Structure formats: structure tokens, C-alpha cells
Amino acid sequence: IVLVVAFLSHYLSDLAPHGHYKVNMKHPALHDRVLLFTDVVAVALIFMAIVVARQGFGVELLLVTIGIIGAQLTDVWDWVIVDRGWVGLKGWVAHHRRFHQLIHWHDVRDATGKRKGLPIGWWDVWQVAAMGLALYLVLT
């Protein structure tokens, strides 16, 4: 249940306008690798460490870990695994990509007409608030 709810929550939060940093996933620079590591791995490790410190190694840690995996899965799948060519962009993979881009209705287009995510800006304050709420819930 946690995996499914976390997975679906990613799509729901993708509906809200939010910015993206620019990273060439096929050839990420060192700065981009650090940024991605911090965003995907380091924050997860911090939350998991808090759970271990407060609850130990138990079902709580398992549920938090499953939630993190479920919430990050779609972006890791689309923007790492598929973009690097590890899985071809055809069939259900292409359908998923189109769906994932569709819910990013707030994306913009560059001068050539290519879709690009909004730059990070004030509209991302809700993500900071969500992180603060998650941190509060894990701490209490």
C-alpha cells in the first residue's frame, strides 16, 4: 500500500507547477551529479537515518524506504534509465513518458519548440513546505 500511495503521490505532485534544474542525463557534469545525488540519494539517507535513530531497524524504516522508492521511481525511470538508453523509448515506456510529460502541463517550450521544465523559482516553495512537513512527521 505504501509503495502504491507513494508512486501515485509523485504524479499528483507533478500536477502542481514546479521547476526543474537543467541536467544533461546522458552526460551529466560533476556539478549535476552532485545535485542529483543530493536530491535523490542524500535526502533519502537523511530521512532514513532519522528513522533509524528514533525507531531503530524495524517496520518503520522499511515503510519509509518503500515510500521513498515509490515516490522517486517515476523520475529515476524516465530521466535516468530511459534517457540513458538502458531501456528503449517504445511501447508502454513511450506511453508512460507521454503521460508523465502530460501531467507536467506547466512546462514551457524553448525557441525550437522543445518542451522544457520551468526553471526553479518561487513556485517551488510548496516543495520546501512538503519537505518540512515530512521532516516534522518523521521527527514526531
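These numbers come from a predicted model, not from an experiment.

Novice: What should I look at first to understand the overall build of the protein in this one?
Specialist: If you tally the helices and strands in the protein, you get five helices and two strands. N-terminal to C-terminal, the α/β element order of the protein is α-α-α-α-β-β-α. Across its three principal axes, the protein shows a C-alpha extent of roughly 50 × 35 × 30 Å. By the burial criterion, 24% of the 140 residues in the protein qualify as buried. Within the protein, contacts between residues at least 6 apart in sequence are counted, and of these 62% link residues at least 24 apart. Element-wise, carbon and sulfur atoms account for 73% of the exposed surface of the protein, whose accessible area totals about 9400 Å². When the 12 positive and 10 negative side-chain charges of the protein are each reduced to one mean point, those points stand 8 Å apart.

Novice: Looking at this model, I keep getting lost on the confidence of the model for the protein. Mind explaining?
Specialist: Residues shown with low pLDDT carry predicted positions that ought not to be read at fine detail. Residue-level pLDDT values for the protein average 88, and 100% of them are 70 or greater. Within the protein, strand β2 (residues 115-116) has the poorest average pLDDT of any element, 76, and helix α1 (residues 2-15) the best, 93.

Novice: Explanation requested: a nonpolar patch on the surface in the structure shown.
Specialist: A cluster of nonpolar side chains, contributed by Val2, Val59, Leu62 and Leu63, occupies part of the molecular surface with about 320 Å² of accessible area. Ranked by the residues each element gives to the nonpolar patch, the list is headed by helix α3 (residues 59-82), at three residues. Following the sequence through the fold, Leu63 ends up in helix α3. Classification of Leu63 as partly exposed rests on a relative accessible area of 40%.

Novice: I'm lost on the nonpolar core in this one. Help?
Specialist: The nonpolar side chains of soluble globular proteins are, as a tendency, buried together. Ranked by size, the top nonpolar core spans five residues in total: Phe47, Ile50, Val51, Leu61 and Val138. For this core, the element with the highest residue contribution is helix α2 (residues 30-55), accounting for three residues. Residue contacts for Val51: discarding those within four places in its chain leaves Gly56, Glu60, Leu61, Val64 and Val138.

Novice: Would you explain the pattern of salt bridges in this entry?
Specialist: It is possible for side chains bearing opposite charge to pair when their charged atoms get close. One pass over the structure, following the stated rule, counts two salt bridges. The shortest N-O distance in the salt bridge between Arg97 and Asp83 comes to 3.0 Å. Placement of Arg97 in helix α4 (residues 92-102) and of Asp83 in the loop between α3 and α4 is noted, with a sequence separation of 14 residues between them. What makes Asp83 partly exposed here is its relative accessible area of 25%. Each of the salt bridges in this network shares a partner with another, and the network as a whole consists of Asp78, Asp83 and Arg97.

Novice: What is the right way to look at α1 in this model?
Specialist: Since the α-helix turns once every 3.6 residues, residues separated by three or four places project in the same direction. The terminal C-alpha atoms of α1, which comprises 14 residues, lie 20 Å apart, in line with the 20 Å expected from a rise of 1.5 Å per residue. Those residues of α1 lying buried are Ala6, His10, Tyr11 and Asp14. Around the axis of α1, the buried residues are gathered within 140° of arc, so they sit on the same side. The exposed residues of α1 that point more than 90 degrees off its buried face are Val4, Val5 and Leu12. On its buried side, α1 packs onto α3 and α4.

Parameters and conventions
- Residues numbered from 1 in each chain as written.
- Predicted model: local features only at pLDDT ≥ 70, side-chain atom pairs only at ≥ 80, totals over all residues.
- Heavy atoms only, no water.
- Helix = DSSP H or I, 4+ residues; strand = E, 2+ residues; numbered from the N terminus.
- Buried < 20%, exposed > 50% of the residue type's maximum accessible area, 1.4 Å probe, protein only.
- Contact = heavy atoms within 4.5 Å.
- Areas by Shrake-Rupley, 256 points an atom, 1.4 Å probe, with all protein chains shown as cover.
- Lys, Arg positive; Asp, Glu negative; His and termini not counted.
- Charge placed at Lys NZ, Arg CZ, Asp CG, Glu CD.
- pLDDT = per-residue confidence, 0-100.
- Patch = residues over 30% accessible without salt bridge, like charges linked within 9 Å, V, L, I, M, F, W, Y side chains within 5 Å.
- Salt bridge = Lys/Arg side-chain N within 4 Å of Asp/Glu carboxyl O.
- Core = buried A, V, L, I, M, F, W, Y, C linked by side-chain atoms within 4.5 Å.
- Expected span 1.5 Å × (residues − 1).
- Arc of directions from axis to C-beta.

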